[in-house]
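Topology and contacts: notes
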Amino acid sequence: MNEKVVSGTRNVAIVGPYLGGKTTLLESLLFVSGTISRKGRTVDRNTVADSSQEARDRQMSIEVCTASTDYSDVRFTFVDCPGSVEFAQETYNALIGVDAAIVVCEPHTNRVLTLAPLFKFLDDWEIPHLVFINKMDRANNNFMDVLNALKTVSSRPIVPHQYPIGQGEQLTGFIDLVSEQAYHYHPGAPADPVPMPEDLKEQEQAARTEMLEALADFDDHLLEELLEEINPPQEEIIQDLKMELGADLIVPVFMGVAEQDYGVRPLLEALLREAPDPATTAERRGIVLHADAPLAQVIKTYYTPQGGKLSLVRVWQGTLTDGIVLNGVRVGGLYRLMGQQQQSVTQAQAGEIVALGRLEAIKTGDTLTADAQLATELPKAEQTSPVYAMAIAPEKRNDEVKLSSAIAKLLEEDPSLAWEQHGDTHEVILWGQGDIHLQVALDRLRRKYNLPMTTHLPRVPYKETIRKTAPSVHGRYKHQSGGHGQFGDVYLEIKPLPRGEGFNFNQTIVGGVVPKQYIPGVEMGVREYLTHGPLGFPVVDVAVTLTNGSYHSVDSSEQAFKQAARIAMQEGMQKCEPTLLEPITSVQVCAPSEFTSKVLQLLSGRRGQILGYEAKSDWAGWDCVSAYLPQAEMHDFIVELRSLTMGVGFFNWQHDHLQEVPGKLAEKVLATNG
Ligand SMILES: Nc1nc2c(ncn2[C@@H]2O[C@H](COP(=O)(O)OP(=O)(O)OP(=O)(O)O)[C@@H](O)[C@H]2O)c(=O)[nH]1
């Protein structure tokens, strides 16, 4: 298919907190630029993005979706990203491949904290971004107050680019602070220029001065003009906005009502004028352009409902063509995506975002080259660690064999999932970022792979140990049933070991009372018994010594000694005061410092042992609390942590040690697990 020739490309991510209106904004951007003639609505489940059944069912974005539109001879590829924290990894992986990001937020000062992790990521990765304050028809906070609140979560200066005329339901238009031109919004049509409202002149001047002063911090010429009270020419201001946004020095702020297309054309115009082009982005990322050498990076992997694999890539340099071999794999199809629709293209140039077909064994984040010599890995977004688990099993037993390959594909599509088959509980555990995240994964297993699953809370992998020594326990196995019989006879010492020492087996046999060839049988019998101790759990931190025994020259065998050892263990362990052990994780919980006392309470309320807390070194205004937390208390810890911290708190964890379960609680655990 012949494609329209355009003079430039911009790849722009649409990011921001949950339900801020990102998908609606994309719909509006496609509409005002003429790519779609009728807008869909998320409630009607007919938008270009959020086109998967899993997204439509929930009326929320669950993965990145791209759509392109040509505007004034430039091809914009927008990447609509999910807002829910449970799908943040999707957003981070995609942000690596764009030239700029529009941060969509709501005009509420008390919600800006939800932007903190996103701003942090954008700042750390130096991704040029601007803010679009959406839902201005619902604003109940003053515009400048929202701006000031935004300043508290951004390390870059927040710079007004527009000023609203009216507020909330009274919103009628905006003033462009560069041209000082006022506009009147019209539903479904471009805004009309109108005279500047007299009563807003003062506020407009104040906002404009704020913008110019912020720009002048990076431009001495502009600073001089301001000091000499010279009104700088518009071209100079636009040039500064372009340079300073492109270098991620400032964050310009726009506004509107995406649902009514208010403010969307000016946003598109600003992106056209001021957003950095792909070559500038590549240069800033330190990618030295060799025009002929293809270099791309995967920012998302999809498995289509038909089962085909698509790798969404940012082409950093060179040209990709269908059939090209990248990282040793032949590309089977080149597509531009419009939500779930694929449009075949013959080639993709440096700076484009396209989907490549059938790149088996290639993962999200991978750097793709045609020439192995050039294969230096481009940096990729850090992997978020899984914090929420569910045990899963196929509804139909025969499906067990299909499960691992289906899960492998799920993980390719969504690298923030993880899975394990637990060694002790034998459960298949699916790990992710929260309940919705895992429910989406289960829906995909059912729909795409015809694998309906049952779920339950993962069992806590309790273990047990002993408190006392049994110095000499006797086990005798004697069996006579025709032919030759079975005879094994042992004395064992069972002793507790310090925590974390595991298990060891010794023998102090003298005079061959238990012949050497039978001793491995004894150890086997002991080990087998210890997989399931008197309380029903695997036994740890125990030493068993074979001290004595006897044998029969005809009837003894390794098997008989194994049985004898089991008998001794069964009897002896009861005398050793078995006790229940629970896994304790070491957690690091991070949240804005205003929530630290709540985090401490949350941990203590869940039997956590606080080890201390300190300011998070790489994040001003955030604290990290270190603690030991019983794994039994971790299941919905993230849910409560998020609800206490406006959704921004997170934690990392790892198994640390085993610890005795306190008496009363142990009784409860044994009553429910026994
Ligand atoms: N009043 C008002 N509502 C809006 C506006 N823009 C979007 N909405 C509504 O806000 C809700 C969320 O919009 P979406 O576009 O799905 O939000 P989103 O940011 O894409 O959602 P996620 O990607 O799931 O985080 C929908 O009900 C929209 O109709 C707006 O400008 N004004």
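Residues numbered from 1 in each chain as written. Predicted model: local features only at pLDDT ≥ 70, side-chain atom pairs only at ≥ 80, totals over all residues. Heavy atoms only, no water.

1. A word on the overall build of the protein chain
Each helix and strand in the protein chain was counted, giving 17 helices and 34 strands. With the C-alpha coordinates aligned to their principal axes, the bounding extent of the protein chain is approximately 110 × 55 × 45 Å. The buried share of the protein chain, taken over its 674 residues, is 54%. By sequence separation, contacts in the protein chain at least 24 residues apart represent 73% of the contacts at least 6 residues apart. The average position of the 59 basic charges and that of the 88 acidic charges among the side chains of the protein chain differ by 11 Å. (Helix = DSSP H or I, 4+ residues; strand = E, 2+ residues; numbered from the N terminus. Buried < 20%, exposed > 50% of the residue type's maximum accessible area, 1.4 Å probe, protein only. Contact = heavy atoms within 4.5 Å. Lys, Arg positive; Asp, Glu negative; His and termini not counted. Charge placed at Lys NZ, Arg CZ, Asp CG, Glu CD.)

2. A closer look at the sheet that holds strand β6 (residues 158-160)
Strand order across the open sheet formed by seven strands is β2-β3-β1-β4-β5-β11-β6, with mixed pairing between neighbours. Among the strands making up the open sheet, the edge pair consists of β2 (65-71) and β6. For this sheet, the mean angle separating the axes of adjacent strands, direction not counted, is 30°. When strand β4 (residues 100-105) meets strand β5 (residues 129-133), the two strands line up parallel, connected through five bridges. By the bridge assignment for β5, A101 is matched with H129. (Pairing = 2+ DSSP bridges. Axes fitted to C-alpha atoms, helices over the stretch in contact; angles between N-to-C directions.)

3. Quick word on the sheet that holds strand β29 (residues 503-507)
Spatial strand order, β27-β28-β30-β29: four strands in an open sheet with mixed pairing. Edge positions in the sheet fall to β27 (470-479) and β29, since each has one partner strand and no second. Within this sheet the neighbouring strands show an average axis-to-axis angle of 25°, counted without direction. Note: strand β28 (residues 486-496) against strand β30 (residues 542-550), eight bridges, orientation antiparallel. Bridge pairing in β30 links V490 to G549. Contacting β28, β29 and β30, helix α13 (residues 519-530) runs over the sheet at an angle of about 155° to β29.

4. Observations concerning the domain arrangement of the protein chain
According to the domain assignment, the protein chain contains domain 1 (8-284), domain 2 (295-359), domain 3 (388-456), domain 4 (464-576) and domain 5 (582-672). With 27 residues of domain 1 at the interface, the matching set in domain 2 holds 15 residues. Buried area between domain 1 and domain 2, summed over both chains or domains, comes out near 1,700 Å², and the portion from carbon and sulfur atoms is 55%. Between the two partners, domain 1 and domain 2, sit three salt bridges. (Domains from an automatic or database assignment. Buried area = accessible area lost by both parts, 1.4 Å probe. Salt bridge = Lys/Arg side-chain N within 4 Å of Asp/Glu carboxyl O.)

5. A word on helix α14 (residues 558-574)
A rise of 1.5 Å per residue sets the reference length of α14, with its 17 residues, at 24 Å; its end C-alpha atoms lie 25 Å apart and thus fit the reference within 8%. Among all positions of α14, only A560, F561, K562, A564, A565, A568, M569, G572 and M573 are buried. In this structure, the buried side of α14 is in contact with β26 (463-466), β27, β28, α13, β30 and β31 (578-592). (Expected span 1.5 Å × (residues − 1).)

6. Digging into the state of the cysteines
Taken as a whole and judged by the stated rule, the model has one disulfide. Two residues, C590 and C624, share a disulfide whose sulfurs are 2.4 Å apart. Because the sign of the S-S torsion sets the handedness, a value of about 100° for the bond joining C590 and C624 places this disulfide among the right-handed ones. Note that C590 is positioned in strand β31 and C624 in strand β33 (residues 622-630), a separation of 34 residues in sequence. Of the residues examined, C590 reaches a relative accessible area of 1% and is grouped as buried. You can see C81 has no disulfide; the closest cysteine sulfur is in C65, sitting 9.7 Å from it. (Disulfide = S-S within 2.5 Å.)

7. Some remarks on the packing of aromatic side chains
Here the structure, examined in full by the defined rule, presents 14 aromatic pairs. A ring pair is formed by Y518 and F561, whose centres lie 5.1 Å apart and whose planes are at 15°; its orientation type is stacked. One end of the pair, Y518, is in the loop between β29 and α13; the other, F561, is in helix α14, and 43 residues separate them in sequence. Judged on exposure class, the residue Y518 and its partner F561 are both buried. Aromatic side chains F637 and F651 sit 5.0 Å apart centroid to centroid with 90° between the ring planes, which places their arrangement in the edge-to-face category. (Phe/Tyr/Trp six-rings, centres within 6.5 Å; stacked < 30°, edge-to-face > 60°.)

8. What to know about the site of the ligand
In the vicinity of the ligand, 19 residues are found, and the nearest of them are L19, K22, T23, T24 and E259. One nitrogen or oxygen atom from the main chain of G20 is found 3.1 Å from an oxygen atom belonging to the ligand. Within the complex, the protein chains bury 91% of what would otherwise be the 650 Å² of accessible surface of the ligand. Among the residues making up the shell around the ligand, the classes are represented as six nonpolar, eight polar and five charged. (Near = heavy atom within 4 Å. Polar contact = N/O pair within 3.5 Å; in protein donor to acceptor, adjacent residues only side chain to side chain. Areas by Shrake-Rupley, 256 points an atom, 1.4 Å probe, with all protein chains shown as cover. Nonpolar A, V, L, I, M, F, W, Y, C, P; charged D, E, K, R; others polar.)

9. Topic: the UniProt feature "domain: Tr-type G" (unreviewed entry) in the protein chain
UniProt's feature table lists "domain: Tr-type G" (unreviewed entry) at residues 7-279, given in the numbering used throughout. Structurally, residues 7-279 comprises 34% helix and 22% strand, and the distance from its first C-alpha atom to its last is 13 Å. (UniProt positions renumbered as here; feature names shortened; annotations may be inferred.)

10. A closer look at the side chain of E90
The residue E90 is located in helix α3 (residues 88-95) in this model. When near neighbours in sequence (up to four residues on either side) are disregarded, E90 contacts I62, E63, V64, P82, K300, E413 and D414.

11. Concerning the confidence of the model for the protein chain
With 98% of its residues at a pLDDT of 70 or more, the protein chain shows a mean pLDDT of 94. Among the scores for the predicted complex, ipTM is 0.99 and pTM is 0.93. (pLDDT = per-residue confidence, 0-100.)

12. Brief notes about unusual backbone geometry
Located in the positive-phi region is S72, a residue other than glycine, with phi close to 45°. With respect to the element layout, S72 can be found in the loop between β2 and β3 (74-80). The phi dihedral of E229 is positive, around 55°, even though this residue is not glycine. Tracing the backbone through its elements, the reader meets E229 in the loop between α7 (220-227) and α8 (234-246).

13. Some remarks on α13
A rise of 1.5 Å per residue sets the reference length of α13, with its 12 residues, at 16 Å; its end C-alpha atoms lie 17 Å apart and thus fit the reference within 8%. Within α13, burial applies to I519, G521, V522, G525, V526, Y529 and L530. The inward-facing, buried residues of α13 abut β28, β29, β30 and α14.

14. Comments concerning the nonpolar core
Core analysis: the biggest nonpolar cluster contains 113 residues, and L95, I133, L150 and L445 have the highest contact counts within it. Sequence-distant contacts of L445, that is, excluding residues within four places in its chain, are made with I392, L403, A406, I407, L410, N450, L451 and M453. Core analysis: the next-biggest nonpolar cluster, separate from the first, contains 31 residues, I14, A49, A67 and L130 among them. (Core = buried A, V, L, I, M, F, W, Y, C linked by side-chain atoms within 4.5 Å.)

15. Section: the pattern of salt bridges
Scanning the entire structure with this criterion turns up 40 salt bridges. Across the salt bridge formed by E54 and R447, the nearest N and O atoms sit 3.1 Å from each other. Of the two residues, E54 is situated in helix α2 (residues 53-58) and R447 in helix α12 (residues 435-449); the sequence distance between them amounts to 393 residues. A single network of salt bridges, built from pairs that share partners, joins E63, E90, K300 and R444.

16. A few points about the environment of A408
Among the structural elements, A408 can be located in helix α11 (residues 400-413). For A408, a relative accessible area of 38% corresponds to the partly exposed category. Through-space distance from the C-alpha of A408 to that of A418 is 9.3 Å; in sequence the pair is 10 residues apart.

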